[in-house]
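Single-letter residue listing:
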Amino acid sequence: MAKKRKRTQRRPARSGNGHRPGDAPAHTEPEAEAVPRHPGATVFPPVYRSLLTGFETAAGNPVMLLVPLVLVLVVWMALVAAGLSFFPFEMPSVLALTPIGSSFDGAISTTLLGMSLWTLAAILLFTMLRSLVVAVFIGMMDEVMDFGHVTGVGPLRGLRSFLPVLTYEYIGVLITLFGSIFVQMLGAGAGPILRIALPVAVIFFLTFMPIVAVRKGIRARDALSRSIRGARLPGWIRHLVLSMAYYFVATLGQDFLTPDRYVITATPGFRTWVFVLGATLFNMVFLGAFIAEWRAIESYVPAKAPRRAPAPRRR
Amino acid sequence: MPASARRFALVAASVLALMFAPGFAAAADEEEPGGVVAPAGPVGDWSQFQGDAAHTADAPGGPPPPYEPAWEFPVDGPSGPSSPVIHEGVVYAVGPESVFAVDPATGEQKWSVPRTPGSANPVPAIASVGGEDMLVFLQGSGQETSLAMVNLHDHERAVQLPVIEQDASRGVTVFSDTAYVGDVRGTVHAVDLTERETLWTYDVGESPVILPPPADVGSLYVNGADQRGIQHLAALDATTGEQRWKVPIGPLGLTTSGLSLSDGTIYAAFADGSVRAYAAEDGNLRWSSRVLRPAPSPFLPVSPFMAPAVSGGMVFIGGGSGGVYALDASTGELVWDYQFSGGPAGFILRSAPVVASTSVLIGLQDGRLGAVDTVEGTGIFEVAVDADPSGRRPLKGIAVSDELIVASRGGGGGGLVAYRPDPEGNLTATASPTRFRLGPTLASYALALLLVAGVAFAIAWIVRALIARRSPPPDPMEDAGDDLAGEVG
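Basis of the calculations
- Residues numbered from 1 in each chain as written.
- Chains lettered and ligands numbered in written order.
- Predicted model: local features only at pLDDT ≥ 70, side-chain atom pairs only at ≥ 80, totals over all residues.
- Helix = DSSP H or I, 4+ residues; strand = E, 2+ residues; numbered from the N terminus.
- Buried ≥ 20, exposed ≤ 12 C-beta atoms within 10 Å, placed from the backbone.
- Contact = placed C-beta atoms within 7 Å.
- Pairing = 2+ DSSP bridges.
- Axes fitted to C-alpha atoms, helices over the stretch in contact; angles between N-to-C directions.
- Core = buried A, V, L, I, M, F, W, Y, C linked by C-beta atoms within 7 Å.
- pLDDT = per-residue confidence, 0-100.
- Parallel < 35°, antiparallel > 145°, perpendicular 65-115°, else oblique.
- Left-handed = near helix turned anticlockwise from the far one by under 90°.
- Nonpolar A, V, L, I, M, F, W, Y, C, P; charged D, E, K, R; others polar.
- Expected span 1.5 Å × (residues − 1).

## Observations concerning the overall build of chain B
Thought 1: From N to C terminus, chain B includes 3 helices and 33 strands.
Thought 2: Of all 489 residues assigned to chain B, the portion counted as buried reaches 52%.
Thought 3: Taking all contacts inside chain B whose residues are at least 6 apart in sequence as the whole, residues at least 24 apart take part in 55%.

This is the structure:
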């Protein structure tokens, strides 16, 4: 009788400089591929393909599918234990990407603690927990995309990049916090435009930051720099469409589709749970889509920002 | 921007404002718990907003639920009549173009007197002036706003009182023979009803004085925001208008409810979810208790058009999201809370809470009258005449007499609605839906998880199969070439 062999995960082969993908940064990284510059050139995959990959990653693996959905119940139980007496209608955003997720943290902190300095402390704490979860999920998804299954390696890779991911989340919180104050100050003129443009810009420029941090194991500053440079590569319009689609569907869906939004209860019903779990899956699918986008463009993003050519001297 | 982001903005602004708001901390005093039920007696008059000059809304001798509709009195106009007042059993209210009296037995109009139309229908008040009972009310709008009064016995015509010159608040407070009214510019006017002249005015600040201020012997209590945006609570000498004390109570944008006064303590609810008690003697904070649930955007946890009710050592608050809260009046400890619900308009409270017998009564946006047991905190009764789930005909101010509960119905086709005890009606004991139930939660969650995860996994499997079917089969020559290259390498 043949013994069932324990399935082991083969690590990717070392590259020429002895550096594995996902390892700590090596002193030298392979040169970035040349970016196509001709009109209409794009390095981004089509939006539908990113979404398909995201869906296949988030829903096609049982572990990847169940962990976020179970986490939602855990969060709700923790909120009840903390004293919350009604199911918040922001619950569909519990695992949303920054800055929508940051808004959830702010709303829940306010609900639990009112408007005090403790609220700020709670927001910071919630953001830390969010960073932990995001880092682990990115590691898991990346591993599913590489190997088709989840082991301890992916989550550990994510945890190793906790600090850059935390930085990313805090940047999101700060932009949301001061941006919203700024929006209020602008009033009815430019305020509504900025109210939409600001979160979309955060998603567009910053969403790659935790992904590149987890995949490359690099510092927050380098991850931020690469994220911004990656978002601006040729074909960025696809990334913008994905960012806008995520923002609008996530926010409008929560505002207009949440069932029993006006039923204030501590015992959510079947319809509410279906919507919240569906929204959580939606958030995971888009996280997967952004990871798929990054993986497609990664080789085109140089490790360091290209130096600008010096301005020609005047004679 | 999502609603949660808007709330986040509010937090941000408030936190920053808190950092610069002076005098914002105070310790809560430990006192004996309340909860003593006052002995029931005749209700007497419900002479003004929330029953009396202190706005306690307490009628321990009022009729207990269950109720049945007694009569309806329709009032023309887009917004219905004012909250009613009751004097010697007769119901009085202010309509858009008249003030009128209604027979409590039949619901028929007894008389009416023309009124200069105003922007709203503020709550009138009953006063005794020179031994004559008078109904004092506001009329007109803008610079034409004025007080007027009509004799309840001859009710021939309204007597003009001093002009306020600003849109006035939602009603009049009468104590002794003086009427007090606030305006939208933040000024309180005291009018001597005997001499028919303005006694004094006091500038509370820049924000409107929305509800009639409570008064007791010698003092009037008002709140409003000053030029810097800091809200204050102040006590004024009722005779001279002199300021006795003034304390800061909150930063810019912190909406407050109206004030109620009982046993030397002023009670108010705040948009940060807190209910606070201040000493009427010096304005010191006695306790602050953060109990109000936040309301779904754009509603606030507390409405500026409500005021707490105080009865039997308990304070009852109506929250902006359909919650009714009972607190110990001496400590601020939450005794119970009950959540109304049901449809987009079902969770919005429109009337300030009123205590009748051992029930807290509340009017809802969809027209229902709800009752909560003051001891158990359970929902015991709901009734509606032509309930409107869209919320266009809310049940607003409630008045209580020995025999009747009378409420105003807003919106087009509004009017007065009266309820009387129903000897054959049934009471319920519904627990608040905000009490967490683990079993039903887990059952609903498990079913939803099965559905969502099952459907998602199935779709993912189909998508993967379709992609695998469309992708070309591996080229054996390519594999062979790779192997060969590997060997050569």
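Read on, since the account is not over.
## As for the overall build of chain A
Thought 1: In terms of regular secondary structure, chain A is built from 11 helices and 0 strands.
Thought 2: Going from the N terminus to the C terminus, chain A shows its helices and strands as α-α-α-α-α-α-α-α-α-α-α.
Thought 3: A separation of at least 24 residues holds for 73% of the contacts in chain A among residues at least 6 apart in sequence.

## Brief notes about the interface of chain A and chain B
Thought 1: In this assembly, 54 residues from chain A lie in contact with 51 residues from chain B.
Thought 2: Looking at the side of chain A that touches chain B, the elements that each hand over two or more residues are α1 (47-60), α2 (62-81), α3 (100-113), α4 (117-147), α6 (162-186), α7 (191-206), α10 (236-257) and α11 (270-297) of chain A.
Thought 3: In terms of residue count, α3 of chain A provides more of the side of chain A that touches chain B than any other element does, 7 residues in total.

## A word on the sheet that holds strand β5 (residues 98-102) of chain B
Residue and element names in this part refer to chain B.
Thought 1: Strand order in the open sheet formed by 4 strands is β3-β4-β5-β6, and the pairing between neighbours is antiparallel. Of all the strands in the sheet, just β3 (85-87) and β6 (109-114) have a single pairing partner and so form its edges. Adjacent strand axes in the sheet meet at a mean angle of 20 degrees when their direction is disregarded.
Thought 2: Pairing analysis gives 4 bridges linking strand β4 (residues 90-94) to β5, with the strands arranged antiparallel. Considered in β5, the bridge of V91 is made with V102.

## What about the sheet that holds strand β15 (residues 215-216) of chain B?
All names here are of chain B.
Thought 1: Reading across from one edge, β15-β16-β17-β18 is the order of the 4 strands in this open sheet, with antiparallel pairing throughout. The open sheet has two free edges, formed respectively by β15 and β18 (243-250), since each of these has just one partner strand.
Thought 2: In this structure, strand β17 (residues 231-237) lies alongside β18, joined through 6 bridges in antiparallel fashion. Following the sheet pairing, A235 is matched in β18 by W245.

## Describing the environment of S260 of chain B
Residues and elements named next belong to chain B.
Thought 1: Residue position: S260 is located in strand β19 (residues 260-262).
Thought 2: C-alpha separation for the pair S260 and V315, spaced 55 residues apart in sequence, amounts to 9.5 Å.
Thought 3: In contact with S260, not counting residues within four places along its chain, are Q50, A54, H55, T56, P214, Y267, A307, P308, A309 and V310.

## So, the pairing of strand β12 (residues 178-182) of chain B
All names here are of chain B.
Thought 1: With 4 of 5 residues buried, β12 lies mostly within the body of the structure.
Thought 2: Summarising the sheet, strand β11 (residues 173-175) and β12 pair through 3 bridges and their orientation is antiparallel. Each bridged residue has a counterpart across the sheet, and for F175 the counterpart in β12 is T178.
Thought 3: Hairpin connection from β11 to β12: 2 residues lie between these consecutive antiparallel strands, with S176 at a positive phi of about 55 degrees.
Thought 4: Pairing of β12 with strand β13 (residues 187-192) involves 5 bridges; the strand directions are antiparallel. By the bridge assignment for β13, G182 is matched with V188.

## A few points about the nonpolar core
For soluble globular proteins, nonpolar side chains are generally found buried alongside one another.
Residues and elements named next belong to chain B.
Thought 1: If you look at the biggest cluster of nonpolar residues, it comprises 123 residues, and the most contacted ones within it are V136, L147, M149, A179 and I405.
Thought 2: In terms of residue count, the dominant contributor to this core is strand β8 (residues 132-139) (5 residues).
Thought 3: Excluding anything up to four places from it in sequence, M149 contacts A127, M134, L135, V136, A158, V159, L161 and L193.

## Examining the confidence of the model for chain B
All names here are of chain B.
Thought 1: On average, residues of chain B score 83 in pLDDT, and 84% of them reach the 70 mark or higher.
Thought 2: Under a pLDDT of 50 for its full length, residues 13-40 has, in the predicted model, 57 contacts with residues more than four places off or in other chains.
Thought 3: For this predicted complex, the interface confidence reaches an ipTM of 0.85, while the overall pTM sits at 0.76.

## Comments concerning the packing of α2 of chain A against α11 of chain A
Residue and element names in this part refer to chain A.
Thought 1: Running from N to C, α2 and α11 cross one another at 130 degrees; their axes reach a closest spacing of 10 Å. Classified by the angle between their axes, α2 and α11 sit oblique to one another. The crossing of α2 and α11 is right-handed. Residues P68, L69 and V72 of α2 form the contact with α11, whose participating residues are V276, L277, T280 and M284.
Thought 2: Its residues placed into classes, the contact of α2 with α11 shows 6 nonpolar, 1 polar and no charged.

## Concerning α1 of chain A
Residue and element names in this part refer to chain A.
Thought 1: The terminal C-alpha atoms of α1, which comprises 14 residues, lie 19 Å apart, in line with the 20 Å expected from a rise of 1.5 Å per residue.
Thought 2: Counted residue by residue, α1 has 11 buried out of 14 residues, so it is predominantly covered.
Thought 3: Listing the buried residues of α1 in full gives S50, L51, L52, T53, G54, F55, E56, T57, A58, A59 and G60.

## A few points about α4 of chain A
Thought 1: With 31 residues, α4 of chain A extends 45 Å from end C-alpha to end C-alpha; this agrees with the ideal 45 Å at 1.5 Å per step.
Thought 2: Note on α4 of chain A: the residue one or two positions beyond its end, G148 of chain A, has a positive phi of about 85 degrees.

## Some remarks on the confidence of the model for chain A
One rule of thumb: low pLDDT means the predicted coordinates there are not for detailed reading.
Thought 1: Model confidence for chain A is summarised by a mean pLDDT of 85, while 86% of its residues fall at 70 or above.
Thought 2: Across residues 1-27 of chain A, confidence stays below pLDDT 50; counting only partners more than four residues off in sequence or on other chains, it has 20 contacts.

## Some words on unusual backbone geometry
Thought 1: In this chain, T98 of chain A is followed by P99 of chain A through a cis amide linkage whose omega measures 10 degrees.
Thought 2: Its location among the elements puts P99 of chain A in the loop between α2 and α3.
Thought 3: The step from P65 of chain B to P66 of chain B runs through a cis peptide bond, and the omega angle for that step is 10 degrees.
Thought 4: One can find P66 of chain B in the loop between β1 (58-59) and β2 (67-74).
Thought 5: If you check the backbone angles, D263 of chain B has positive phi at about 50 degrees while not being a glycine.
Thought 6: Structurally, D263 of chain B is set in the loop between β19 and β20 (265-269).
Thought 7: Residue classification places D263 of chain B among the exposed residues on the basis of 12 C-beta atoms within 10 Å.

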